[in-house]
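# Chain and residue survey
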Amino acid sequence: MKHLFALVVAALLLPRGLRAQADAPLRPRAAPDTASWTGALDLDQRTYYLGREYGDHALSVSPSVRYSHPSGFYGQLAGYYFRQSAPPRYSFTDLEVGYANEFAPAWTYSLSLDRVFFTQALSSGEPRINNGLEANTAYSLGPLNLALDYNFFFQQQKAQTVALALSGTLEKHGWLGADAVSLTPGAEIFWGSPLAVLRYGGAYAAPGTAPGPGPRRRKGKNGTLISDETAAPSLMGYEVTLPLAYTRHPFAYTLTGHFVAPVRANAKTEPLPRAAYASFRVEFTFR
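Below is a short write-up of the structure. Residue numbers restart at each chain and count upward from 1, following the sequence in its written direction. Local features in a predicted model are, by the rule used here, given only for residues with pLDDT of at least 70; side-chain atom pairs are given and counted only at 80 or more, and totals for whole chains, interfaces and linings are based on all residues. Computation of side-chain values covers all heavy atoms of the structure but excludes hydrogens and water.

To qualify as a nonpolar core, a set must consist of buried Ala, Val, Leu, Ile, Met, Phe, Trp, Tyr and Cys residues joined through side-chain atoms within 4.5 Å. The buried label goes to any residue with under 20% of its type's maximum accessible area, the exposed label to any with over 50%, and the partly exposed label to all in between, with areas taken from a 1.4 Å probe on protein chains only. Counting residues in each nonpolar core, the largest one holds 22 residues, and the members touching the most others are Tyr 49, Leu 50, Phe 92, Ala 159 and Tyr 200. Contributing elements (two or more residues each) for this core: strand S5 (73-82), strand S7 (107-118) and strand S10 (158-168). Working definition: helices are DSSP H or I runs of at least four residues, strands are E runs of at least two. Numbering for both runs from the N terminus. The leading source of residues in this core is S5, at 3 residues.

Shown next, in the form of structure tokens:
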């Protein structure tokens with residue numbers, strides 16, 4: 001408990017660089033009625049992306065701040081502290097700008113562009129895909145929500161990810177002094193091209209470990225083997241989540257259980273273990 005408290009304090013004392021997304025929510029928010037600011041702190045007991053774990057049971061801490069305008073435009077600044085990264089533990093800052101709105105009251109969408117700024121410069125052998133474009137849409141039918149998310153990462157190299165998620169919400173208002181208490185079980189399936197799991201590898205991977213499979217290779221015009229950086233996404237895994245949220249304006253608290261079932265890249269690689277872990281998020285919204 002003392003170590004967890006120390007990490008929370010350290011995250012709050014970090015420069016105002018705050019959370020975006022390796023794991024952004026699949027449900028885009030519609031434009032708010034008035035301009036608002038949201039500060040948040042995310043604690044992840046283990047660190048997963050596309051079903052691959054970074055480090056070994058490593059905690060990550062992500063503070064963030066987001067500004068949302070009634071027009072639908074928003075900006076977000078996020079920072080990442082990763083316990084097993086080489087010092088400094090503060091790994092990178094992610095700046096995101098985007099637009100979120102709705103086609104209809106039950107159908108939302110968002111488009112965004114983000115850039116990752118690493119605390120330490122990447123070596124010549126690490127992938128450079130600091131930039132990302134994301135398109136997201138979600139449709140709600142009563143308590144059920146279906147979402148589709150697409151990412152295109154690029155710079156010197158390229159990678160893609162696709163995720164499909166289904167969730168349902170059980171909500172009760174005015175209970176235990178809260179504006180709302182909700183339980184939102186969900187299931188997600190995700191695909192990714194080889195370099196996608198290495199986008200954050202320079203910051204997240206502990207020395208001597210690899211967060212995922214390397215890039216595919218193909219023959220170039222001169223017959224040499226070169227990286228196939230734009231290979232179509234392949235199945236990477238599944239995830240089941242169970243978020244329990246307690247909201248009392250201006251605060252919101254969410255405790256989430258995760259169960260991850262990765263799919264290995266090919267039959268020649270070792271099977272990847274399934275895992276369960278917990279994450280916690282606290283938000284403060286003001287206008």
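This next bit is on a nonpolar patch on the surface. A contiguous nonpolar surface patch, about 900 Å² in accessible area, is contributed by Phe 103, Trp 107, Tyr 139, Leu 141, Leu 144, Leu 146, Leu 148, Leu 164 and Leu 166. Among the secondary structure elements, those contributing two or more residues to the nonpolar patch are strand S8 (131-141), strand S9 (144-154) and S10. A total of 3 residues in the nonpolar patch trace back to one element, the largest contributor, which is S9. Mapped onto the secondary structure, Leu 166 falls in strand S10. Patch construction takes residues with relative accessible area above 30% that form no salt bridge. Like charges are linked within 9 Å, and nonpolar side chains (Val, Leu, Ile, Met, Phe, Trp, Tyr) are linked within 5 Å. Per-residue and other accessible areas were derived by the Shrake-Rupley procedure at a 1.4 Å probe size, with only the shown protein chains allowed to occlude residues. A pair is scored as a salt bridge if a Lys or Arg side-chain nitrogen falls within 4 Å of a carboxyl oxygen belonging to Asp or Glu.

Our focus in this paragraph is the pairing of strand S18 (residues 275-286). Each regular strand shows side chains that alternate between the opposite faces of the sheet. A pair of strands counts as paired when DSSP detects no fewer than two bridges linking them. As defined by bridge partners, strand S1 (residues 36-44) adjoins S18 across 8 bridges and the pair is classed as antiparallel. Bridging across to S18, Asp 42 finds its partner in Arg 281. Pairing geometry for strand S17 (residues 251-262) and S18, over 10 bridges, is antiparallel. Paired with Val 260 across the strands is Ala 275, a residue of S18.

Attention now goes to the side chain of Ser 68. Checked against the element boundaries, Ser 68 lands in strand S4 (residues 60-68). On the basis of relative accessible area, Ser 68 is assigned to the buried category, the value being 12%. Side-chain atoms alone can form a polar contact between residues adjacent in sequence; in general such a contact is a pair of N or O atoms within 3.5 Å, and within protein one must be able to donate a hydrogen while the other accepts it. Only 3.4 Å separates the side chain of Ser 68 from the side chain of Arg 66, close enough to count as a polar contact. By definition, residues are in contact when any of their heavy atoms lie within 4.5 Å. In contact with Ser 68, not counting residues within four places along its chain, are Pro 32, Thr 34, Ala 35, Ser 36, Phe 73 and Tyr 74.

Taken as a whole and judged by the stated rule, the model has 3 salt bridges. Note that Arg 281 and Glu 283 form a salt bridge whose closest N and O atoms lie 2.7 Å from each other. Three or more residues joined by partner-sharing salt bridges are found here, namely Asp 42, Arg 281 and Glu 283.

Turning our attention to unusual backbone geometry. Omega for the peptide link from His 249 to Pro 250 comes to 10°, which places this bond in the cis form. Inspection of the secondary structure puts Pro 250 in the loop between strand S16 (234-248) and S17. For Leu 50, which is not glycine, the phi torsion reads 55° and is therefore positive. Along the polypeptide, Leu 50 turns up in the loop between strand S2 (48-49) and strand S3 (52-53). The buried category is assigned to Leu 50, whose relative accessible area is 9%.

By the element assignment, Glu 239 lies in strand S16. With relative accessibility at 13%, the residue Glu 239 sits in the buried group. Reaching out from Glu 239, the side chain makes a polar contact with the side chain of His 258 at a distance of 2.7 Å. Residues in contact with Glu 239, not counting those within four places in the same chain, are Gly 186, Ala 187, Glu 188, Phe 190, His 258, Phe 259, Val 260 and Tyr 277.

The next point concerns the environment of Arg 248. Tracing the backbone shows Arg 248 in strand S16. Here the alpha-carbon distance between Arg 248 and Ala 178, two residues 70 residues apart in the chain, equals 4.9 Å. Look past the residues within four positions of Arg 248 in its chain and what remains in contact with it is Gly 177, Ala 178 and Asp 179.

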